[in-house]
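Reading the structure
Below are the chains, spelled out letter by letter.
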Amino acid sequence: IKMTSTIANAGFFNLDVTGSIVQGNFSIPVTYTNNGVPSADGFNLIGNPYPCAIDWNAAGWTKTNVANTVYVYNGNTGQYATYINGVSGNGGSNIIPLSQGFYVITNGAAPVLSITESCKSTSQGVFRSEADAKALRLTLESDTYSDEAVFVLNQTASNDFNFNEDAPKMRTVSEEAPTLAAIATMGEELAIYTSNRNENTTIIPLVVKAAHTGIHHFTHRGL
């Protein structure tokens, strides 16, 4: 399918679409290069191949050496929306809209990512927040921009970085937006950090990047 548009900015616009519709099982090409930094290796920018929204949680996916995290860049906020295991950051969701480009992470050699018809969704596919049980959201706000770090308490989780539980941080490319991330036990920067630590005594380091001088606000909700 070929898509053309004359507008490059964030917002609503029309696409002209021509070509054959993708139907049936589809293999999405992904690669993996090991540079020795697990939380930074393996990012692949791919696209929704179907003419409708798809569900990242659906059972019809094959994810071999592919992490559970999905990211989409939001040009309005200058941040990456993140989603993993029912937990969202910066408005992430398991529903990936028609024609949406998104990032996934491969975490081993010879990764395989394929999708079937059963992954299609009737949802419109707006990236939106979901209700998170036992989650603490910390937000850093600066002018009209903000960024989130999400902490999830799960007594069966590991405190170390785990691709099946934690979402590595994708830093904003905006020169105006701030960055906020949790620091895992080996120094990994995470957008969503799942741990089994006692919520009354836990100390988790943060990394904060302010795009400019001025007043910045921290807010929190959850737990």
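Residues numbered from 1 in each chain as written. Predicted model: local features only at pLDDT ≥ 70, side-chain atom pairs only at ≥ 80, totals over all residues. Heavy atoms only, no water.

Regarding the overall build of the protein
The helix and strand tally for the protein stands at 0 helices and 20 strands. When burial is assessed residue by residue, the protein has 43% of its 223 residues classed as buried. Within the protein, contacts between residues separated by at least 24 positions form 72% of all contacts whose residues are at least 6 apart in sequence. If you sum the accessible surface of the protein, you get close to 11,800 Å²; carbon and sulfur atoms cover 50% of it. (Helix = DSSP H or I, 4+ residues; strand = E, 2+ residues; numbered from the N terminus. Buried < 20%, exposed > 50% of the residue type's maximum accessible area, 1.4 Å probe, protein only. Contact = heavy atoms within 4.5 Å. Areas by Shrake-Rupley, 256 points an atom, 1.4 Å probe, with all protein chains shown as cover.)

Notes on the sheet that holds strand β7 (residues 66-74)
Taken in spatial order, the 5 strands make up an open sheet running β4-β11-β7-β8-β9, and their pairing is antiparallel. A strand with exactly one partner marks an edge of an open sheet, and here the two such strands are β4 (43-47) and β9 (87-89). Strand-to-strand twist across the sheet, computed as the mean angle between neighbouring axes with direction ignored, equals 25 degrees. (Pairing = 2+ DSSP bridges. Axes fitted to C-alpha atoms, helices over the stretch in contact; angles between N-to-C directions.)

Comments concerning the environment of S114
Mapped onto the secondary structure, S114 falls in strand β12 (residues 112-115). A residue is classified by how much of its surface remains accessible, and S114, at 18% relative accessible area, is buried. Along the chain, S114 and P29 lie 85 residues apart, while their C-alpha atoms are 8.4 Å from each other. Among all residues touching S114, those that are not within four sequence positions of it are F26, S27, I28, G60, W61 and T62.

Notes on the pattern of salt bridges
Within the structure shown, the criterion is met by 4 salt bridges. Ionic pairing is found between D147 and K169, a salt bridge with its closest N-O pair at 2.8 Å. With D147 in strand β15 (residues 145-153) and K169 in the loop between β16 (167-168) and β17 (179-183), the pair connects residues that are 22 residues apart, well separated along the chain. Note on K169: relative accessible area 11%, which makes it buried. Residues E189 and R171 are paired through a salt bridge, measuring 2.9 Å at the closest nitrogen-oxygen approach. Here E189 is found in strand β18 (residues 189-195), whereas its partner R171 is found in the loop between β16 and β17, with 18 residues between them in sequence. (Salt bridge = Lys/Arg side-chain N within 4 Å of Asp/Glu carboxyl O.)

Thoughts on empty space enclosed by the protein
Summed over all chains, the structure comprises 1 cavity of 30 Å³ or more. Approximately 50 Å³ is the volume attributed to the largest cavity. What lines the largest cavity is Q79, Y80, T82, G89, N90, D147, E148, V150, K169, M170, A191 and I192. Broken down by secondary-structure element, the contributors of at least two residues to the lining of the largest cavity are β8 (79-84), β15 and β18. In terms of residue class, the lining of the largest cavity is made up of 5 nonpolar, 4 polar and 3 charged. (1 Å grid on protein atoms, 1.4 Å probe; cavity = no way out; pocket = protein on both sides within 12 Å on 5 of 7 lines; lining within 4 Å. Points joined across faces, edges and corners; volume = space filled by probe spheres on them. Nonpolar A, V, L, I, M, F, W, Y, C, P; charged D, E, K, R; others polar.)

Description of the pairing of β4
Side chains N44 and I46 of β4 all project onto a buried face; the interleaved residues F43, L45 and G47 project onto a face where none is buried. Judged from the 5 bridges that link them, β4 and strand β11 (residues 101-106) form a sheet pairing that is antiparallel. Residue N44 lies in a different strand from β11, and its bridge partner there is V104.

Examining the nonpolar core
Ranked by internal contacts, the top residues of the largest apolar core, which has 23 residues, are Y71, V150, F151, V152, I192 and Y193. When contributions to this core are tallied by element, the ones reaching two or more residues are β7, β8, β14 (135-142), β15, β17 and β18. Looking at this core, the element that brings in the most residues is β15, giving 4 residues. Excluding residues within four positions of it along the chain, I192 makes contact with T82, I84, V87, S88, G89, V150, V152, D166 and A167. (Core = buried A, V, L, I, M, F, W, Y, C linked by side-chain atoms within 4.5 Å.)

Some words on the sheet that holds strand β10 (residues 95-96)
Pairing is antiparallel across the open sheet formed by 3 strands, whose spatial order is β10-β5-β13. Looking along the sheet, the strands with just one partner apiece sit at the ends: β10 and β13 (120-121). Strand direction decides the pairing type here: strand β5 (residues 53-55) and β13, joined by 2 bridges, are antiparallel. Counterpart to A53 in the pairing with β13 is S121.

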